[in-house]
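Commentary on secondary and tertiary structure
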Amino acid sequence: MTRYLHTMYRITDPKRSRTFYEALGFEFSGDFDIVRNGELEATNYFFSVGDAKDVLELTFNHDGRTYDMGSAYGHIAVAVDDLDEALGRLKEQGIEPEREPYRVREGGSRICFVRDPDDYRIELIDRSGK
């Protein structure tokens, strides 16, 4: 049986990334270091959401490297209980939506896109019914 486990992407500031994802309702599950040949190479940070354990893995490489955003990456989507409240928590971190919340179709959920601290695009989908 196939089972979805997690999505991983690389980050440059673990503290900022943790604050961002916790503001969206992700729960920090734990971290572990990757040590190769006696040297600290990377740290993986895992986050859970609801009953889904360790669905997001953020990897921080300790060698100071930078990353290019791949042109094939689109976004991850996150359902939030109240879009306005989630955007308010992000605004406290200086994070603004790409544009005001909108509906893709009449009667559909309100959505908007934000960028995490490493510029990954995140779709927020409102579940409040507003």
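Let us look at the structure shown here. (Residues numbered from 1 in each chain as written. Predicted model: local features only at pLDDT ≥ 70, side-chain atom pairs only at ≥ 80, totals over all residues. Heavy atoms only, no water.)

Bringing the overall build of the protein into the picture now. Each helix and strand counted, the protein has 2 helices and 8 strands in total. When the helices and strands of the protein are listed from N to C terminus, the series reads β-α-β-β-β-β-α-β-β-β. Each principal axis of the C-alpha atoms in the protein carries an extent, and together these give about 55 × 35 × 30 Å. Counting every position in the protein, which comprises 130 residues, the buried fraction comes to 36%. For the protein, long-range pairs separated by at least 24 residues make up 52% of all intrachain contacts whose partners lie at least 6 apart in sequence. A total of about 8300 Å² of accessible surface is found on the protein, and carbon and sulfur atoms cover 46% of it. Positive and negative side-chain charges of the protein, numbering 18 and 26 respectively, have mean locations separated by a distance of 4 Å. (Helix = DSSP H or I, 4+ residues; strand = E, 2+ residues; numbered from the N terminus. Buried < 20%, exposed > 50% of the residue type's maximum accessible area, 1.4 Å probe, protein only. Contact = heavy atoms within 4.5 Å. Areas by Shrake-Rupley, 256 points an atom, 1.4 Å probe, with all protein chains shown as cover. Lys, Arg positive; Asp, Glu negative; His and termini not counted. Charge placed at Lys NZ, Arg CZ, Asp CG, Glu CD.)

Formed by 26 residues in total, the largest nonpolar core has its most connected members in Y21, L24, I122 and L124. Listing elements by their share of this core, those giving two or more residues are β1 (7–11), α1 (14–23), β3 (39–49), β4 (52–61), β5 (76–80), α2 (83–91), β7 (110–115) and β8 (121–126). If near-sequence neighbours (up to four positions away) are discounted, Y21 is found in contact with Y9, F26, L56, L58, D116 and I122. (Core = buried A, V, L, I, M, F, W, Y, C linked by side-chain atoms within 4.5 Å.)

Bear in mind that shape data such as this cannot, by itself, settle questions of function.
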